[in-house]
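Summary of the model geometry
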Amino acid sequence: MATPVEQFRDLLDVEPPERTVLVRDSDEPAPLMRLLEGAFAGQPVDIEMDTTVDGEPQVLVVEAGDIVARSSLDALMDAFLLVNSDSYRTGMAGIDTQQAPDVLTALADTKFRMRGFPASNKEKLLLIVLSRYIEQTALDDDAGTLRTSFQRLSRLNDERGTRAVYERLADSNVDTHVYGMPTDGTLPNLTVHDGQTPAYRDSWFVVHTGTDSPAALLCLQTDENEWDGLWTFDRERVDAIESVAATL
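This text gives an overview of the structure that appears in the document. (Residues numbered from 1 in each chain as written. Predicted model: local features only at pLDDT ≥ 70, side-chain atom pairs only at ≥ 80, totals over all residues. Heavy atoms only, no water.)

This brings us to the overall build of the protein chain. The helix and strand tally for the protein chain stands at 10 helices and 11 strands. Relative to its full complement of 248 residues, the protein chain shows a buried share of 51%. For the protein chain, the share of sequence-separated contacts (at least 6 apart) that also reach a separation of at least 24 residues comes to 71%. (Helix = DSSP H or I, 4+ residues; strand = E, 2+ residues; numbered from the N terminus. Buried < 20%, exposed > 50% of the residue type's maximum accessible area, 1.4 Å probe, protein only. Contact = heavy atoms within 4.5 Å.)

Our focus in this paragraph is the nonpolar core. In this structure, F40, F80, Y166, L217 and W231 are the most contacted members of the largest nonpolar core, which totals 53 residues. In terms of residue count, helix α6 (residues 123–141) provides more of this core than any other element does, nine residues in total. Leaving out residues up to four positions away in the same chain, Y166 has contacts with E135, L146, T148, F150, L156, T176, V178, L187 and L190. Core analysis: the second largest hydrophobic core is formed by 19 residues, Y179, L230, I241 and A245 among them. (Core = buried A, V, L, I, M, F, W, Y, C linked by side-chain atoms within 4.5 Å.)

This next bit is on the sheet that holds strand β1 (residues 19–24). Sheet architecture is open: four strands sit in the order β2-β1-β3-β4, paired in mixed fashion. In the strand order of this sheet, the two ends are held by β2 (45–50) and β4 (66–72), each with one partner. When the angles between neighbouring strand axes are averaged without regard to direction, this sheet yields 25 degrees. Inspection of the sheet shows strand β3 (residues 58–63) paired to β4 by six bridges, in the antiparallel sense. Counterpart to V59 in the pairing with β4 is S71. (Pairing = 2+ DSSP bridges. Axes fitted to C-alpha atoms, helices over the stretch in contact; angles between N-to-C directions.)

Within the structure shown, the criterion is met by eight aromatic pairs. When the centroid spacing of 6.4 Å and the interplanar angle of 65 degrees are considered together, the rings of F40 and F80 count as edge-to-face. Pair noted here: F40 is in the loop between α2 (30–39) and β2 and F80 is in helix α3 (residues 73–81), with a separation of 40 residues, a long-range link. Here the aromatic rings of Y133 and F233 are separated by 5.9 Å at their centres, their planes lie at 75 degrees, and the arrangement is edge-to-face. Of the two residues, Y133 is situated in helix α6 and F233 in the loop between β11 (226–232) and α10 (235–245); the sequence distance between them amounts to 100 residues. Y133 gets classed as partly exposed once you look at its relative accessible area, which sits at 27%. (Phe/Tyr/Trp six-rings, centres within 6.5 Å; stacked < 30°, edge-to-face > 60°.)

Moving on to the sheet that holds strand β6 (residues 145–152). Spatially, β5-β11-β10-β9-β6-β7-β8 is the arrangement adopted by the seven strands of the open sheet, whose pairing is mixed. The open sheet has two edge strands, β5 (112–115) and β8 (191–194), and neither has a second partner. Adjacent strand axes in the sheet meet at a mean angle of 20 degrees, parallel and antiparallel pairs treated alike. Where strand β7 (residues 175–181) meets β8, four bridges bridge the pair, whose relative direction is parallel. Residue pairing in the sheet places V178 in a bridge with V192 of β8. Packed onto the sheet, α6 meets β5, β6, β9 (203–209), β10 (215–223) and β11 and runs at close to 25 degrees relative to β9. Across the sheet, helix α8 (residues 160–170) is in contact with β6 and β7; its angle to β6 comes to roughly 150 degrees.

Together, E6, D10, D13, E15, E18, D46 and E48 line one region of the surface with negative charge. For the negative patch, the secondary structure elements donating two or more residues are α1 (4–12) and β2. On the secondary structure map, E18 appears in the loop between α1 and β1. (Patch = residues over 30% accessible without salt bridge, like charges linked within 9 Å, V, L, I, M, F, W, Y side chains within 5 Å. Areas by Shrake-Rupley, 256 points an atom, 1.4 Å probe, with all protein chains shown as cover. Salt bridge = Lys/Arg side-chain N within 4 Å of Asp/Glu carboxyl O. Lys, Arg positive; Asp, Glu negative; His and termini not counted. Charge placed at Lys NZ, Arg CZ, Asp CG, Glu CD.)

Side chains that differ in charge, positive against negative, can pair when their charged atoms come close. Under the counting rule described, the total for this entry stands at eight salt bridges. Of the charged contacts in the structure, one is a salt bridge between E63 and R19, with a shortest N-O distance of 3.0 Å. One end of the pair, E63, is in strand β3; the other, R19, is in strand β1, and 44 residues separate them in sequence. When its relative accessible area of 25% is taken as the criterion, E63 is described as partly exposed. One salt bridge in this structure joins R147 and E242, with 2.6 Å as the shortest N-O distance.

Listed below in structure tokens is the structure:
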């Protein structure tokens, strides 16, 4: 029988659709384009620039010739391009202001290979943004089950922003389960699963099921500070990730 890590790896083995992130701005914002291109360097997403249009600068996701999502350039800058992961960990702004633009959620069902700081300032941040998005979805629904792996449960104590999110989840109607290697001290009203197996050490997931807005992020650590990961809103794929997580 396949191990949980092997099952997770199979769920990451997807054939991504051909997508392009298109920035429309009459003035080419060279520094921002460098940030965007750097964040998606080596990923299965093309980055293009269109300076022939007027109006508010926008970012589009184009798939098979169709626009499937659009966000203002300001929204993408505020949520991703001009912030760092510490703003999410410390929670200075609060989860309610940490919105994931549509152009990021629209990149679902694509496997990304991400590196953390200092190898990259933005790659892992993309995964953190989507993690917060799924947690916010669970809070908004105030229902269903949320399963989250932290690799190390100590993050619930060490990262103020993360702890604030899970304090709110603990006080909500969301059945919240947290997974990771053991630590002293956790939050009340959370179901804690701890262990030392590779599934606990190497997986990072945030899975929300049981409502009309299923969502999941799944990542596997492949090397020091490197992950393969995707996010999905496809109910069948979300349920498959949840079924593996529930066995840990």
